[in-house]
Amino acid sequence: MEPWVHEILACPVTKNKENKSYFSVLNGVIDARVLMKNTIGYSTWKYGQNIYEDDVNNEDLKNEHYLTEIRNDRVIYEKFKLSGRILDVGGGIGTLREFLDETDEYISTDPFINIKDIQPKAKLESYKCLSKNLNLIYANAEFQPFISNSFDWLHLRSMLDHVHSPDLALMEAWRLLKPGGHLLIGISIEGSKEGNNKIISEVIHESKQIIKVLLNLVGINKWKKDVHVFHPTFKGLMKIIKDNGFIVEEEYAQPCWGGRVWYISARKGSRIPGNF
């Protein structure tokens, strides 16, 4: 890891500043994971995480798939210019770097052990950034191993609906941002932004889950059970962001998803999360 990362390391529970020797290390990567094994929702989170990890190394996906993915995502980071010191929570092997400047300081934290070792060849070929050294720490979104007020940007893309506790993950994001720092969340919502067809959307969603379970029972597991633990409407998404101390600045629907996937940029407010 780069020297600046060592300067901001902290115990993910006490938040006290620590050095690298404080942590366990797996295959050269700091392991700072904190698992809430005895709380409601842990088994659901673990189940979804296991399925996600099983699906990552998909050798059926070709270069064109990833190149299309890069083109679709580039419009996001042309609109939202992340810069400075950036924490990519749930960032995996750091594909966000494809859209950052060389001068930006970047680190990814993710609970996926050995994620660097199982990436498909086509993905490694398509994302040029993956040939560069990566600052990576194994950690959960709810417990990050850094001192407070350390980052200019926190990036939470396609992960807030996967975490054990979305509220706690956002409280941690607030803690880690510098005063006036910025948060960018990318996530799928239920229904439309206006809330239209919410009931229909929920009925369709639940019907799909029932069908998937029935197919699994007869040995057809192509469509796995939904691995998400959080299914926000647009209104619910805005509420959880504001409840946890952020001031929403801009909303953006990713064009290729027809209003289903939204990116929300927000600024760290002065109110401490949970202090109502």
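It should be noted that the structure appears before, not after, this text.
Here is a short report on the structure shown in this document. As a convention, each chain's residues are numbered from 1 in the sequence order in which they are written. pLDDT decides what is reported in this predicted model: residues at 70 or higher carry local features, side-chain atom pairs at 80 or more are listed and counted, and totals for whole chains, interfaces and linings draw on all residues regardless. To get the side-chain values, all heavy atoms of the structure are used, and hydrogens and water are removed first.

1. Focus on helix α2 (residues 42-56)
Here is step 1: Secondary structure elements are defined from DSSP: runs of H or I of at least 4 residues count as helices, runs of E of at least 2 residues count as strands, and each element is numbered from the N terminus. Between the first and last residue of a helix there are one fewer steps than residues, each counted as 1.5 Å, and that sum is the expected span. When the terminal C-alpha atoms of α2 are compared, their 21 Å separation across 15 residues agrees well with the 21 Å that a helix rising 1.5 Å per residue should span.
Here is step 2: Taken as a whole, α2 has its buried residues at Tyr42, Trp45, Gly48, Gln49, Ile51 and Val56. The rule is simple: take the accessible area with a 1.4 Å probe, protein chains only, and divide by the maximum for that residue type; under 20% is buried, over 50% is exposed, in between is partly exposed.

2. Remarks on the pattern of salt bridges
Here is step 1: Note on definitions: salt bridges are taken to be side-chain nitrogens of Lys or Arg within 4 Å of carboxyl oxygens of Asp or Glu. In this structure the tally under the stated criterion is 15 salt bridges.
Here is step 2: Here Asp31 ties to Arg33 by a salt bridge, and the two come within 2.8 Å at their closest N and O atoms.
Here is step 3: Judged by relative accessible area, which is 16%, Asp31 ranks as buried.
Here is step 4: Asp101 serves as the salt-bridge partner of Lys81, at 3.3 Å between the closest nitrogen and oxygen. You can see Lys81 sitting in the loop between α3 (63-79) and β3 (85-89) and its partner Asp101 sitting in the loop between β3 and β4 (105-110), a full 20 residues away along the chain.
Here is step 5: Assessed through its relative accessible area of 44%, Lys81 is described here as partly exposed.
Here is step 6: Residue Asp101 is classed as partly exposed on the basis of its relative accessible area, which comes to 39%.
Here is step 7: It is possible to trace a salt-bridge network through shared partners that takes in Lys15, Glu172 and Arg175.

3. As for the packing of aromatic side chains
Two measures describe an aromatic ring pair: the distance that separates the ring centres and the angle between the ring planes.
Here is step 1: Aromatic pairing here means that ring centres of Phe, Tyr or Trp (its six-membered ring) are within 6.5 Å. Orientation follows from the plane angle: under 30 degrees is stacked, over 60 is edge-to-face, and everything else is tilted. All chains considered together, the criterion is met by seven aromatic pairs.
Here is step 2: With a centroid separation of 5.9 Å and an interplanar angle of 35°, the aromatic rings of Tyr42 and Trp45 are classed as tilted. Placement of the pair is Tyr42 and Trp45 together in helix α2, with a separation of three residues, close to one helical turn.
Here is step 3: A residue is classified by how much of its surface remains accessible, and Trp45, at 9% relative accessible area, is buried.

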